[in-house]
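# Fold and geometry: a report
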Amino acid sequence: MRRKVVPAEENGDSADKLDQLLLSAAICNGEDVGPFVRKAFASGKPETVLHHLRHFARSKESEIEDVCRAHYEDFITAVDDLRSLLSDVDSLKSSLSNSNTQIQSVAVPLLTTLDSFVEARNKCKNIILAIQSLRICVNLVELCSRANRHLSENNFYMTLKCVDSIEREFMNKTPSSTLRRMLEKQIPEIRSHIERKINKEFGDWLVEIRVVSRNLGQLAIGQASASRQREEELRIKQRQAEEQSRLSLRDCVYALEEEDDDGFNGISDDGKDKGMLGFDLMPLYRAYHINHTLGLEDRFKQYYFENRKLQLTSDFQVSSMTPFLESHQTFFAQIAGFFIVEDRVLRTGGGLVSKMEVENLWDTAMSKMCSVLEDQFSRMQTANHLLLIKDYVSLLGVTLRRYGYPVEALLDVLSKHRDKYHELLLSDCRKQITEALAADKFEQMYMKKEYEYSMNVLSFQLQTSNIMPAFPYVAPFSCTVPDCCRIVRSFIEDSVSFMSQSGQLDFYDVVKKYLDRLLTEVLDGALKLINTSIGGVTQAMQMAANMAVFERACDFFFRHAAQLSGIPLRMAERGRRLFPLTKARDAAEETLSGLLKQKVDGFLLLIENVNWMADDPPQDGNEYVHEVIIFLETLVSTAQQILPVQVLKRVLQDVLFHISEMIVGALLGESVKRFNVNAVMGVDVDIRMLESFAENQAPLLSEADASQLKAALAESRQLVNLLLSNHPENFLNPVIRERSYNALDYRKVVSISEKMRDQPDRLFGSFGTRGSKQNTKKKSLDALIKRLKDVN
């Protein structure tokens, strides 16, 4: 039977109607009805859904019937199927209901637990987020604390590293806006504070480095001086070794010991110079590094260079209130220290200054130093002052050359003033020699102690024997000799000092040239001049003795100059020149001879007592010759204690020559109107006595020197021989005259012969044969006179 479709009962509840409509629409549209089922079970009212489904089914029954009418058979079949499924649906319904009940009983605790879990998970997330935020804040605070600690300890680089870390890692991650605002405000202030602080430290370093540079320059120049002294000592040892090996017959091996480096250029890892006290560049490098970290590297480089350039310009100022001699060491030491510092900065500063900048500063400094030296040298009038400055400048050049700075221009300035220095030195020596000569009493030096002998004799190699004399010792010279030797030795040492410090290697010829000038112009001139003020024979004899000692001293001077100049003695001896004090020596001997001649002249006045018309010749000679010989013998006994043999010989030779001239002059003079043969024979005896005196000096001098002394009487001897000759006409024979009468002047012979010709004839005829001989001789003499007058 066909089932009737029961019309759906209207539900007064609008909510149920809405749900019913929504469910109906979802079923009609083929949508999922699962949400409606879940909602019904969730609200605990599944019957409502079931009721709505039933109501929807009833509402569709008419449609089903219409469809069924159209498809009756199919519908019947479907109905049968549905009816067969109805029991399954009922069972499914009961099963769903049971399942729902079970699920409700199980799901409600689970949902409660799930809600608790979700709530706990949310809390956990919040806690983790809070912990992460706290950890970030803790790290940030720790980093800020570390930055504060570094800042309080003036460890600016680590402070900046902390600040950079804060900016890079925490600025955008900081959960606290308050901290972020604080950081944004404080970080620029910290950087600004560090910049001010480090620039102040750098400014303090700039002030301090000026004092350090001066001390540094003085220390470096002092070390250069000590090094030069050591080199000089090594050269002296080497020269001594060379001389000893040259003079010794044994083979000698010499080795120079090398000294360890004194750490002059030692640099420690912390930027401090090990060899230079107080040479600390850490403040500079720290400031440079901090500015580099702050991104201000180029600005700091410019700031550093400009300030150092201003400091160098300030160092160039020469005070007009202080003499340059007193301030030159400070002046040059300041500049030396400046460039030592700059050299270190260039090599270890990591590009703080460039090589070109340092070279430009050096060129400026070199130009200024040369200008100052030129100006100061032009004003100086004292050689010692110039040498002191020159010595310090040369040490400056040696010091800075070690650091690679070119110093040729500085050395050229020193070389240009070489002549002026030596002129001033010669002038100073001239004054000192003049004062030494003026203070000398020309008495033999008396030395009581060995050190006096060593100081005045051995130090100048004036000794004639290697045996130490007994003391007290009387030297053969006066104090002029050692005083002048000290002056000349000082001149040599000053000259060598000047030349050796000018960078010139072979300078012996220059030193020798100025030494020649000192000896030939200054010392020779002063000694020659002092001879004019000597008034006594003793002083003149002492002066002549001094000149003999000066000959040995001059050899020492040139050897000393060669040794100091580094020239082997054999080379210096090879170029030895003549005695440079010849004018003074000749003047001294001439003065001594002149004074002795004056003494002799006093004795020769007794010639006026000679009887020129004697009846018999005097057997023992005339009175004057005895006085003269006594004087000469006394002279020899005294002079041989002081004068060298050759000097004594030259003086005696000059005196005897003068005596010979005086005898001839007496015969030639107006006081002798006439003389006879007896007088001539008496003069012959006088000359023989003088010749005997000369011959007696052979043990003191030598046979050859005694012959030369005797030859000084040649004129008077030849004149007497001519007057006593039986053949005076032989004088006209050139060969005989050259052999026997070469010292005679024919004019003197004429004048003297005429005085002898005026004798009475009885003098030639009263003695028999003798008278005839005299008559013949008179005729020959008359003929000689006539011939000589014809020649004239």
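Within any chain, residue numbers begin from 1 and follow the written order of that chain's sequence. Only residues with pLDDT of at least 70 are given local features in this predicted model, and only at 80 or more are side-chain atom pairs given and counted; all residues enter the totals for whole chains, interfaces and linings. Hydrogen atoms and water are omitted, and side-chain values are computed over all heavy atoms in the structure.

Identification of the protein chain as Exocyst complex component from Anisodus acutangulus is taken from an unreviewed UniProt entry. UniProt positions are given in the numbering used here, feature names are shortened, and annotations may be inferred rather than shown by experiment. According to UniProt, the comment filed for the protein chain under the heading Function (unreviewed entry) is "Component of the exocyst complex involved in the docking of exocytic vesicles with fusion sites on the plasma membrane during regulated or polarized secretion. Involved in polarized cell growth and organ morphogenesis. During cytokinesis, involved in cell plate initiation, cell plate maturation and formation of new primary cell wall." The UniProt entry for the protein chain carries the following comment under Subcellular location (unreviewed entry): "Cytoplasm, Cytosol".

Moving on, we get to the overall build of the protein chain. Within the protein chain one finds 29 helices and two strands. Burial classification: accessible surface area is computed with a 1.4 Å probe over protein chains only, and a residue below 20% of its type maximum counts as buried, one above 50% as exposed, and the rest as partly exposed. The buried share of the protein chain, taken over its 792 residues, is 40%. Counting contacts in the protein chain only where the partners sit at least 6 residues apart, residues at least 24 apart contribute 77% of the total. Each accessible area value is a Shrake-Rupley result obtained with a 1.4 Å probe; residue values ignore everything except the protein chains displayed when judging cover. Accessible area of the protein chain: about 43,600 Å², with a carbon and sulfur share of 53%. Numbering of helices and strands runs from the N terminus; a helix is a DSSP stretch of H or I covering at least four residues, while a strand is a stretch of E covering at least two. Should any heavy atoms of two residues lie within 4.5 Å, those residues are counted as being in contact.

L284, F332, F339, F550, F557, L632 and F675 are the most contacted members of the largest nonpolar core, which totals 198 residues. Element by element, the count of residues in this core is highest for helix 18 (residues 537–564), at 17 residues. To form a nonpolar core, buried Ala, Val, Leu, Ile, Met, Phe, Trp, Tyr and Cys residues must be joined to one another through side-chain atoms within 4.5 Å.

In summary, the pairing rule links any two rings of Phe, Tyr or Trp, Trp by its six-membered ring, whose centres are within 6.5 Å, and it sorts them by plane angle into stacked for under 30 degrees, edge-to-face for over 60 and tilted for everything else. This model, assessed by the stated rule, comprises 18 aromatic pairs. A ring pair is formed by F202 and Y304, whose centres lie 6.1 Å apart and whose planes are at 45°; its orientation type is tilted. Taken together, the residues F202 in helix 7 (residues 177–247) and Y304 in helix 9 (residues 297–315) connect sequence positions 102 residues apart. Across this residue pair, the class does not change: F202 and Y304 are buried. Considering the side-chain rings of F603 and F631, the 5.5 Å spacing of their centres and the 45° angle between planes classify their relative orientation as tilted. Within this pair, whereas F603 is found in helix 20 (residues 582–604), its partner F631 is found in helix 21 (residues 623–639), the two being separated by 28 residues in sequence. Grouping aromatic residues by their ring pairs yields a cluster made of F202, W205, Y288, F300, Y303 and Y304.

Here the focus is the packing of helix 14 (residues 418–439) against helix 17 (residues 508–530). Axis lines are fitted through C-alpha atoms, for helices just across the contact stretch, and the angle between N-to-C directions can take any value from 0 to 180 degrees. Orientation of helix 14 relative to helix 17, taken along the N-to-C sense of each, is 30°, at an axis distance of 10 Å. One way to sum up the angle between helix 14 and helix 17 is to call them roughly parallel. Viewed along their axes, helix 14 and helix 17 form a crossing whose handedness is right-handed. Here R418, D419, H422, E423, L426, C429, R430, I433 and L437 of helix 14 lie close against helix 17, whose contacting residues are V510, Y514, R517, L518, V522, L523, A526, L527 and I530. Looking at the contact of helix 14 with helix 17 residue by residue, the classes come out as twelve nonpolar, one polar and five charged. The labels follow the angle: roughly parallel below 35 degrees, roughly antiparallel above 145, roughly perpendicular from 65 to 115, and oblique for the rest. When the near helix sits turned anticlockwise from the far one by under a right angle, the crossing is termed left-handed; a clockwise turn instead gives a right-handed crossing. Throughout, the ten residues Ala, Val, Leu, Ile, Met, Phe, Trp, Tyr, Cys and Pro are labelled nonpolar, Asp, Glu, Lys and Arg are labelled charged, and all others, Gly among them, are labelled polar.

In this section: the confidence of the model for the protein chain. Values of pLDDT, which run from 0 to 100, indicate the predictor's confidence residue by residue. Averaged over all residues, the pLDDT of the protein chain equals 79, while 86% of them reach at least 70. Within the protein chain, the lowest mean pLDDT, 33, falls on helix 28 (residues 762–765), and the highest, 88, falls on helix 11 (residues 355–379). In the model, residues 247–277 has pLDDT below 50 throughout and makes 43 contacts with residues more than four positions away in sequence or in other chains.

Here the focus is the pattern of salt bridges. Here a salt bridge means any side-chain nitrogen of Lys or Arg lying within 4 Å of a carboxyl oxygen belonging to Asp or Glu. Using the criterion set out here, one finds 27 salt bridges in the structure. Across the pair D343 and R347 runs a salt bridge, and its minimum N-O distance is 2.9 Å. Of the two residues, D343 and R347 are both situated in helix 10 (residues 324–348); the distance of four residues between them amounts to about one turn of the helix. Under the relative-accessibility criterion, R347 is labelled partly exposed at 46%.

This part covers the side chain of N100. By secondary structure assignment, the location of N100 is in helix 5 (residues 72–152). Those residues in contact with N100 that sit more than four places away from it in its chain are F41 and P46.

To characterise two packed helices, one gives the angle between the axes of the helices and the distance between these axes. Between helix 21 and helix 22 (residues 645–668), the shortest axis-to-axis distance is 11 Å and the interhelical angle comes to 170°. Of the possible angle classes, the one that applies to helix 21 and helix 22 is roughly antiparallel. Mapping the contact onto sequence places Y624, V628, L632, L635, V636 and A639 in helix 21 and L648, L652, V655, L656, I659 and I663 in helix 22. When its residues are assigned to classes, the contact of helix 21 with helix 22 shows twelve nonpolar, no polar and no charged.

What follows is about unusual backbone geometry. Of note, the amide linkage connecting F471 to P472 takes the cis form, showing an omega dihedral of 0°. Of note, F442 is a non-glycine position whose phi angle comes to about 55°, a positive value. Mapped onto the secondary structure, F442 falls in the loop between helix 14 and strand 1 (446–447). A relative accessible area of 6% means that F442 is categorised as buried.

Quick look at a nonpolar patch on the surface now. Where nonpolar side chains cluster on the molecular surface, the patch consists of L82, L85, L86 and V89 and spans about 370 Å² of accessible area. The residue L85 is located in helix 5 in this model. Think of a patch as exposed residues, more than 30% relative accessible area, with no salt bridge, where like charges cluster within 9 Å and nonpolar side chains (Val, Leu, Ile, Met, Phe, Trp, Tyr) cluster within 5 Å.

So, on to the environment of H51. Take H51: it is sitting in helix 3 (residues 46–59). Take H51: its relative accessible area is 40%, and that puts it in the partly exposed class. For the pair H51 and Q20, spaced 31 residues apart in sequence, the C-alpha to C-alpha distance is 9.1 Å.

Let us now look at the environment of A40. Looking at where A40 falls in the secondary structure, it is placed in helix 2 (residues 34–43). Separated by ten residues in sequence, A40 and L50 place their C-alpha atoms 9.3 Å apart. Aside from chain neighbours lying at most four places away, what touches A40 is K45, P46 and V49.

Along the polypeptide, E450 turns up in helix 15 (residues 450–456). Linking E450 and Y473, residues 23 residues apart in sequence, is a C-alpha distance of 9.1 Å.

Glancing now at helix 17. Quick reminder: α-helices carry 3.6 residues per turn. Residues three or four places apart thus point the same way. Multiply 1.5 Å by the residue count of a helix minus one, and that product is the helix's expected span. With 23 residues, helix 17 extends 31 Å between its outermost C-alpha atoms, agreeing within 8% with the 33 Å of an ideal straight helix rising 1.5 Å per residue. Note on bend: the value at a residue is the angle between axes fitted to the seven residues ending there and to the seven starting there. At D524, helix 17 shows its largest kink, close to 30°.

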